[in-house]
Amino acid sequence: MDLKKIVIVLVRPEESRNVGAVCRAMANSGLDTLRIVGSREDFDDERVRILAIHAAGIWEQARFFDDIKSATADCTFAAGTTRRRGKKRKGKLLLPEECADIMARITGTTADEGGKAALIFGNERTGLTDDELTACTAGVVIPASPDFASLNLSHAVQIMGYQLFRTQDATSPGYTPLTLERLDRTVTTIADDLQKIGFFTLAGRPDMERFWRMILSRAALSEGEATYLEKLFDKAAGLATRGQAT
C-alpha cells in the first residue's frame, strides 16, 4: 500500500480540537493528506494546533471543499464510515480490514502506479447523512459495543489508520485506475444506453447509477477497461434499438 495515496476527508467537523487530534492520529499512521468539507475559517487555528502538536503540518496543508464529490473527484475509491445500517446506507458495510485490503490493491506500492483512495468521516454528532454516504462508493463500519457504538472522531481515524498502516504488503495493480470523476462518464454512458432500450424508467436511473458507481469503483478500472465497457453498452443499445425499429 502507498500511504501517500490515502486521503482522509472530514465532513463538516464542528470542534477544532478534534481536527487537531485527527492530524495527530494521521501522523501516527503515516498518513498526511487531509481534506475537509467546509472552510478553514470555520476553525480556531490555535485550538487545532494544541492537539495536533507535531502534526500541525498536516493541518497547514489541508485542502477545503464544498462537498464530498469534489473532495474525492481525483480518487478511485471513496469509503464512508458509518455505524448505522439500512437500505440507503450501502447495504453491505466493509470491515476495516476489508476496506484496507481494497485500498491496498488500489493504491499499489509505487508512486507511478495505482490511484488514490479516500476515507470519509462524518460530523461528530450526526455522522454521515444518507445523502453524504450516497456520495461515497462504499461504506465501512468499525465494530463496537451496541450499547455505546459511537466513536470519537479522532479515535475512528486512528483505528482505520492503524489498519491501513498494517496493510502495506499488497502488490501494485500495475496501472493507474480511473478517478471517480472519470468513472462517472462511464456510469453515465451505461445509464444512457440502458435507458435507450427501456431497461428502467427515468425515476429508476439514480439508483442504477449509484449501483454501477459502487461496483466499478471497487473494480478499479483502467482507462482501456472503461472504454471497452462503454463501447460494449453502446453496441448493445444500438442493436436493441435497431431490433425495436424493425
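These numbers were taken from a predicted model, which means no experiment stands behind them.

A.B. asks: Could you clarify how one ought to interpret the overall build of the protein chain in this entry?
C.D. replies: Helix and strand counts for the protein chain stand at 10 helices and 6 strands. For 246 residues, the compact-globule estimate of 2.2 N^0.38 gives 18 Å, and the protein chain sits close to it at 19 Å. Seen through its principal axes, the protein chain has C-alpha atoms that stretch 70 × 35 × 35 Å. Burial status across the protein chain gives 48% buried among its 246 residues. In the protein chain, the share of contacts with a sequence separation of at least 24, taken over all contacts with a separation of at least 6, comes to 83%.

A.B. asks: I would appreciate a short explanation of the packing of helix α5 (residues 96-107) against helix α7 (residues 153-166) in the present structure.
C.D. replies: Two packed helices can be described by the angle between their axes and the distance between those axes. With their axes 9 Å apart at the nearest point, α5 and α7 run at an angle of 50° to one another. By the angle class used here, α5 and α7 are oblique. Between α5 and α7 the crossing geometry is right-handed. Here Pro96, Glu97, Cys99, Ala100 and Met103 of α5 come into contact with α7, specifically with Met160, Gln163 and Leu164. Residues that form the contact of α5 with α7 fall into these classes: 6 nonpolar, 1 polar and 1 charged.

A.B. asks: Honestly, the side chain of Thr137 in this entry has me stumped. Any pointers?
C.D. replies: As for its position among the elements, Thr137 is in the loop between α6 (130-134) and β6 (138-140). Reaching out from Thr137, the side chain makes a polar contact with the side chain of Ser217 at a distance of 3.0 Å.

A.B. asks: I would appreciate a short explanation of the packing of helix α1 (residues 16-28) against helix α2 (residues 45-52) in the present structure.
C.D. replies: Axis separation between α1 and α2 bottoms out at 7 Å; the angle between their running directions is 35°. The two elements α1 and α2 meet at a crossing, and its hand is right-handed. Of α2, the residues touching α1 (which contributes Ser16, Arg17, Val19, Gly20, Ala21, Cys23 and Arg24) are Arg47, Val48, Leu51 and Ala52. Grouping the constituent residues of the contact of α1 with α2 by class yields 6 nonpolar, 2 polar and 3 charged.

A.B. asks: Would you mind showing me how to read the sheet that holds strand β3 (residues 63-65) here?
C.D. replies: Neighbouring strands of a sheet are bound in pairs by backbone hydrogen bonds; such pairs are parallel or else antiparallel. Taking strand neighbours across the sheet as the criterion, the 6 strands line up as β3-β2-β1-β5-β4-β6 in an open arrangement whose pairing is parallel. At either margin of the open sheet sits one strand with a lone partner, and together these are β3 and β6. Neighbour-to-neighbour, the strand axes of this sheet turn through a mean angle of 30°, independent of strand direction. As paired elements, strand β2 (residues 33-37) and β3 share 3 bridges and run parallel to each other. Among the inter-strand pairings, Val37 is bridged to a residue of β3, identified as Phe65. Against the sheet, α5 makes contact with β1 (6-11), β4 (75-81), β5 (116-121) and β6, and its axis sits at roughly 165° relative to β4, the strand it touches most.

A.B. asks: Would you take a moment to explain the packing of aromatic side chains for this structure?
C.D. replies: What characterises a pair of aromatic rings is the spacing of the ring centres plus the angle enclosed by the ring planes. Evaluation of the coordinates by the stated rule reveals 5 aromatic pairs. Centroid distance Phe43 to Trp59: 6.0 Å. Interplanar angle 85°. Geometry classified as edge-to-face. With Phe43 in the loop between β2 and α2 and Trp59 in helix α3 (residues 56-60), this pair connects stretches of sequence that are 16 residues apart. There is no split in this pair, since Phe43 and Trp59 are both buried. Where Phe211 meets Trp212, the ring centres are 5.7 Å apart and the plane angle is 75°; that geometry is what we call edge-to-face. The partly exposed category is assigned to Phe211, whose relative accessible area is 41%. Judged by relative accessible area, which is 19%, Trp212 ranks as buried. One aromatic cluster is present, formed by Phe43, Trp59 and Phe64 through successive ring pairs. We note Arg40 situated over the ring of Trp59; from NZ or CZ to the ring centre the distance is 4.7 Å.

Cut-offs used in this document
- Every chain's residues receive numbers from 1 upward, in the order its sequence appears when written.
- With the structure being a predicted model, the display of local features is reserved for residues of pLDDT at least 70 and the display and counting of side-chain atom pairs for 80 or more, all residues being used for whole-chain, interface and lining totals.
- Hydrogen atoms and water are omitted, and side-chain values are computed over all heavy atoms in the structure.
- Each helix corresponds to a stretch of at least 4 residues labelled H or I by DSSP, and each strand to a stretch of at least 2 residues labelled E; elements are numbered beginning at the N terminus.
- The reference for a compact globule is 2.2 Å times residues^0.38; the radius of gyration itself is calculated from the C-alpha atoms.
- Accessibility here uses a 1.4 Å probe with only protein chains present; expressed as a share of the type maximum, an area under 20% marks a residue as buried, one over 50% as exposed, and anything in between as partly exposed.
- When checking whether two residues touch, look at their non-hydrogen atoms; a contact exists if any pair is within 4.5 Å.
- Axis definition: a line fitted to C-alpha atoms, over the contacting stretch in the case of helices. Angles run 0 to 180 degrees between N-to-C directions.
- With respect to orientation, any angle under 35 degrees is reported as roughly parallel, any angle over 145 as roughly antiparallel, any angle of 65 to 115 as roughly perpendicular, and every other angle as oblique.
- Left-handed describes a crossing whose near helix is turned anticlockwise from the far helix through less than a right angle; right-handed describes the clockwise counterpart.
- Each residue gets one of three labels, nonpolar for Ala, Val, Leu, Ile, Met, Phe, Trp, Tyr, Cys and Pro, charged for Asp, Glu, Lys and Arg, and polar for the others, Gly among them.
- Counted as a polar contact is a pair of N or O atoms within 3.5 Å, where, for protein atoms, one must be capable of donating a hydrogen and the other of accepting one, and residues adjacent in sequence contribute only when both atoms are in side chains.
- At least two DSSP bridges between two strands are needed for those strands to be called paired.
- Aromatic pairing here means that ring centres of Phe, Tyr or Trp (its six-membered ring) are within 6.5 Å. Orientation follows from the plane angle: under 30 degrees is stacked, over 60 is edge-to-face, and everything else is tilted.
- Charge-over-ring placement is defined geometrically: NZ (Lys) or CZ (Arg) within 6 Å of the ring centre, and within 35 degrees of the ring normal.

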